[in-house]
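# Structural description and commentary
Here's the letter readout for the chains.
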2 protein chains.
Amino acid sequence: MAVTAEEVMATYEDLAKLEAQFDDVETETIRYQHKITKPLYAKRAEVVAKISSFWSLVFEQAPMEIDESIQPTDSALLLGSIHNFSVERFEIDSDIENGEPRSVLFRFEFNENEYFEDKVIEKKFWWRYGKDGTIGYVSEPVNIKWKDGKDLTNGLLALARAAWEEDQAVPKKDGKDKKEKALGPAASALKKKMEEHEGAVSFFAWFGFVGEKISAEENAEVVAKKKAGEEIEAEDTEMQDGDDEDWEDEDDLEDLEIFPNGDDVAMALADDLWPNALKYFTAAQDDDLGSDIEFESGDEDEEDEEEGSSAQKPSKKKHKGCAHGCEH
Amino acid sequence: MAVTAEEVMATYEDLAKLEAQFDDVETETIRYQHKITKPLYAKRAEVVAKISSFWSLVFEQAPMEIDESIQPTDSALLLGSIHNFSVERFEIDSDIENGEPRSVLFRFEFNENEYFEDKVIEKKFWWRYGKDGTIGYVSEPVNIKWKDGKDLTNGLLALARAAWEEDQAVPKKDGKDKKEKALGPAASALKKKMEEHEGAVSFFAWFGFVGEKISAEENAEVVAKKKAGEEIEAEDTEMQDGDDEDWEDEDDLEDLEIFPNGDDVAMALADDLWPNALKYFTAAQDDDLGSDIEFESGDEDEEDEEEGSSAQKPSKKKHKGCAHGCEH
């Protein structure tokens, strides 16, 4: 019994449908997990507030995707000054039925430091579905108020923000006009800066990540169709021979991403570091033998007294990666 | 307001309790996910049965933990002969309330090949809790019937199985006697073979992974205590000065693990490759432009006819790591 061309097509259609169904089930799982874990996160925040070095130690043990992004020049600031960190799934509660559970807000709280003025830096990642079948994170560059001569991103972050604002200010056009749009002055300056930039890019350039170009409206349209069970037609991605200008245009835009794997880092933060923070903290203690764990105290002078008691640690455990048992 | 030694201890107790609660919530999440995903896995198995190269292509795109374990000398066999692959959470359904959802059975089905006689190789990983606070996978070495001169593990796997059987045959003793137990002939031979072994270890040595030494009885005891909300006392891990023979003994046992990160590979297979197989398959097609996808057919001669229609592919998507959005 030979396989016909129709059967082959049918198989690929089945695969595409199945992939969409797997995606739905994943969404439901994340939503369920969020619901049953939320009270524990609140409890954890209370407990770890008593340990001033908690998040610093967790970031020290960060999973690979994050660890690789933290340059030696970032460590003093990130590990030395981070005071609190939290992840909020900000769309999930907005509409119980349709709230996207993958959309996340990261909130970094810093102590007074020699690098920047900010006490809190927040960054949002929206999980969105595009008409062309793309699924991914959309974000906006966030500025940091660097002190004089202390910008670890060497001006990249400020330009990424300026280029993004410039782009937002231009009315959006569809179709052909889009790709004829020339780079504005900020985007041109950013492009030049990126070409000139030498060496590794700072972790703080992550705050400049832009991601997919999918508007809230486009996402809403695709999600509505998806819910209605309609086929999602790949409207824009059909490659036509001799018309590959779209690809060039896409390259240009991607070239202006100062932290290209910003979405990977966001996922590692939200789906690994955040749920497994206690495990990473325990790992840090195993490394340090608890010697430099500092407890929060109103009276700094009395801290020495507690040093001797840090031998009271939870028993050593295997650290088993992300909340679902995946190792990173 | 100074932190007292009692407060420090209380904080660590809170952390340990919280970690146990996080673990419970994770268990519940995996159970829920299994329940709602199970019908999709069945559907997927039906659809991918029509694509003979499906699992071969998925393994070709395997996540890092797995990919790093596949040596060039393994590729011809693993990628060339794998016919089917499945993951079963074999404890979850045995007892709805207590079934451990992390325990997994891997089933590899192979075509007739020049390396071994086996058509099916299965390996089980039991997720167990130890009295000393250890949590992790326990497994048993599985033999492979290699054809003459074709053993990719160079005898390691057979010896690992023999050493394990030898160990099982010796009645278990508690306490001091345990560490005085000398290595048996098979274990000694394995130790020697491992010391002599040169170069990278084959992926097929993974079937020899042993993991944690936690019996079903010990696990049942700890799980029962955990359910009853009792504190899990770390009975055996208290280090006493001048008595570190336990550690030497542990080293000896770990030295005899022919595939030390076998548990990481098991997790990557169960929690990443298996749930995301469709994404990895799509990624493989994007790489190959679908040129060498073969469809299953009763009549091999007519396969050529279908080649032209493989352009019908699902639209390109971002591949977003494990089922929970973590990138690996």
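Residues numbered from 1 in each chain as written. Chains lettered and ligands numbered in written order. Predicted model: local features only at pLDDT ≥ 70, side-chain atom pairs only at ≥ 80, totals over all residues. Heavy atoms only, no water.

## A look at the overall build of chain A
A tally of helices and strands in chain A yields eleven helices and four strands. Every one of the 328 residues in chain A was classed for burial, and the buried ones make up 48%. Partitioning the contacts of chain A with sequence separation of at least 6, the portion at a separation of at least 24 is 71%. Accessible surface, chain A: about 16,300 Å² in total, of which carbon and sulfur atoms supply 48%. (Helix = DSSP H or I, 4+ residues; strand = E, 2+ residues; numbered from the N terminus. Buried < 20%, exposed > 50% of the residue type's maximum accessible area, 1.4 Å probe, protein only. Contact = heavy atoms within 4.5 Å. Areas by Shrake-Rupley, 256 points an atom, 1.4 Å probe, with all protein chains shown as cover.)

## Let's talk about the environment of A205(B)
All names here are of chain B. Relative to the helices and strands, A205 resides in the loop between α7 (185-196) and α8 (216-227). Judged by relative accessible area, A205 falls into the buried class, the value being 0%. Each C-alpha atom of the pair A205 and N154 lies 9.3 Å from the other, and the pair is 51 residues apart in sequence. Setting aside anything within four residues of it in sequence, one finds A205 in contact with T153, I258 and F259.

## Section: the pairing of strand β2 (residues 104-110) of chain B
All names here are of chain B. By the criterion of burial, β2 is predominantly enclosed, with five of the seven residues buried. With six bridges joining them, strand β1 (residues 82-88) and β2 adopt antiparallel strand pairing. Its bridge partner being in β2, N84 is matched across the sheet by E109. Inspection of the sheet shows β2 paired to strand β3 (residues 120-129) by six bridges, in the antiparallel sense. By the bridge assignment, R107 is partnered in β3 with E122. (Pairing = 2+ DSSP bridges.)

## Brief notes about the sheet that holds β3(B)
Residue and element names in this part refer to chain B. Pairing is antiparallel across the open sheet formed by four strands, whose spatial order is β1-β2-β3-β4. What marks the edges here is a single partner per strand, and that holds for β1 and β4 (135-139). Looking at each pair of strands side by side, their axes are set apart by 20° on average, direction ignored. The strands touched by helix α10 (residues 262-273) are β1, β2, β3 and β4; relative to β2, the strand with the most contacts, the crossing angle is about 80°. (Axes fitted to C-alpha atoms, helices over the stretch in contact; angles between N-to-C directions.)

## Here we look at unusual backbone geometry
For residues besides glycine, phi is generally negative; the peptide bonds are generally trans as well. Despite not being glycine, N154(A) shows a phi value in the positive range, around 60°. Within the element layout of this structure, N154(A) appears in the loop between β4 (135-139) and α5 (156-169).

## Things to note about the sheet that holds strand β3 (residues 120-129) of chain A
Residues and elements named next belong to chain A. Here four strands make up an open sheet; going across it, the order is β1-β2-β3-β4 and the pairing antiparallel. Strands with a single pairing partner mark the edges of an open sheet, and in this sheet they are β1 (82-88) and β4. On average, each strand axis in the sheet is inclined to that of its neighbour by 20°, with strand direction left out of account. With respect to the sheet, helix α10 (residues 262-273) is in contact with β1, β2 (104-110), β3 and β4, its orientation differing from that of β2 by roughly 80°.

## Things to note about the packing of aromatic side chains
Taken as a whole and assessed by the stated rule, the structure comprises 63 aromatic pairs over all chains. Their ring planes at 70° and their centres at 5.0 Å tell us that W206(A) and F207(A) sit as a pair that is edge-to-face. Note on accessibility: W206(A) and F207(A) belong to one class, buried. One residue, R44(B), lies across the ring of W274(B), its end atom 4.3 Å from the ring centre. It is K123(B) that lies over the ring of F125(B); its NZ or CZ is 5.3 Å from the centre. (Phe/Tyr/Trp six-rings, centres within 6.5 Å; stacked < 30°, edge-to-face > 60°. Lys NZ or Arg CZ within 6 Å of the ring centre and 35° of its normal.)

## Digging into the pattern of salt bridges
Within this structure, the stated rule accounts for 30 salt bridges over all chains. A salt bridge links E100(A) to R102(A); the nearest nitrogen and oxygen atoms lie 2.7 Å apart. A relative accessible area of 11% places E100(A) in the buried class. Of the charged contacts in the structure, one is a salt bridge between E122(B) and R107(B), with a shortest N-O distance of 2.8 Å. Taken as a pair, E122(B) in strand β3 and R107(B) in strand β2 lie far apart in primary sequence, 15 residues in all. Of the residues examined, E122(B) reaches a relative accessible area of 34% and is grouped as partly exposed. Using a relative accessible area of 30% as the deciding quantity, one classes R107(B) as partly exposed. (Salt bridge = Lys/Arg side-chain N within 4 Å of Asp/Glu carboxyl O.)

## As for the side chain of R89(A)
Residues and elements named next belong to chain A. Its location among the elements puts R89 in the loop between β1 and β2. A polar contact of 3.0 Å, which involves the side chain of R89, links it to the side chain of D271. When residues no more than four places from it in sequence are discounted, the contact partners of R89 are I30, H34, P101, R102, S103, V104, A270 and D271. (Polar contact = N/O pair within 3.5 Å; in protein donor to acceptor, adjacent residues only side chain to side chain.)

## Considerations on helix α4 (residues 72-81) of chain A
Among all positions of α4(A), only D74(A), L77(A), L78(A), L79(A) and S81(A) are buried. Buried positions along α4(A) lie against α2 (54-60), β1 and β2 of chain A.

## Observations concerning the side chain of D118(A)
Relative to the helices and strands, D118(A) is located in the loop between β2 and β3. The residues contacting D118(A), other than those within four sequence positions of it, are F110(A), N143(A), I144(A) and K145(A).

## A closer look at the packing of α5(A) against helix α7 (residues 185-196) of chain A
Residue and element names in this part refer to chain A. Where α5 meets α7, the axes come as close as 8 Å, and the angle between the chain directions of the two elements is 150°. Of the possible angle classes, the one that applies to α5 and α7 is roughly antiparallel. The chirality of how α5 crosses α7 is left-handed. Together, L156, L159, A160, A162, A163 and E166 of α5 and P185, A186, A187, A189, L190, K193 and M194 of α7 make up the contact between the two elements. Here the contact of α5 with α7 is composed, by residue class, of eleven nonpolar, no polar and two charged. (Parallel < 35°, antiparallel > 145°, perpendicular 65-115°, else oblique. Left-handed = near helix turned anticlockwise from the far one by under 90°. Nonpolar A, V, L, I, M, F, W, Y, C, P; charged D, E, K, R; others polar.)

## Remarks on the confidence of the model for chain A
All names here are of chain A. Taken over all residues, the pLDDT of chain A has a mean of 80, while the share at 70 or more is 75%. Predicted confidence is poor over residues 234-251, with pLDDT under 50, and the contacts of this stretch with residues over four places away or in other chains come to twelve contacts. Within the model, pLDDT remains below 50 along residues 296-328, and this stretch shows 99 contacts once partners closer than five positions in the same chain are excluded. (pLDDT = per-residue confidence, 0-100.)

## Structural notes on α10(A)
Counting buried residues along α10(A), twelve of its twelve residues qualify, which places the element largely inside the surrounding structure. Residues of α10(A) that are buried include every one of G262(A), D263(A), D264(A), V265(A), A266(A), M267(A), A268(A), L269(A), A270(A), D271(A), D272(A) and L273(A), and no others.

## Structural notes on the environment of K150(A)
All names here are of chain A. In this fold, K150 is placed in the loop between β4 and α5. Its relative accessible area of 28% is what places K150 among the partly exposed residues. The spatial distance from the C-alpha of K150 to the C-alpha of F116 is 7.4 Å, given a sequence separation of 34 residues. Non-local contacts of K150, meaning those with residues more than four positions away in its chain, are made with E114 and Y115. There is a polar contact of 2.9 Å between the side chain of K150 and the side chain of E114.

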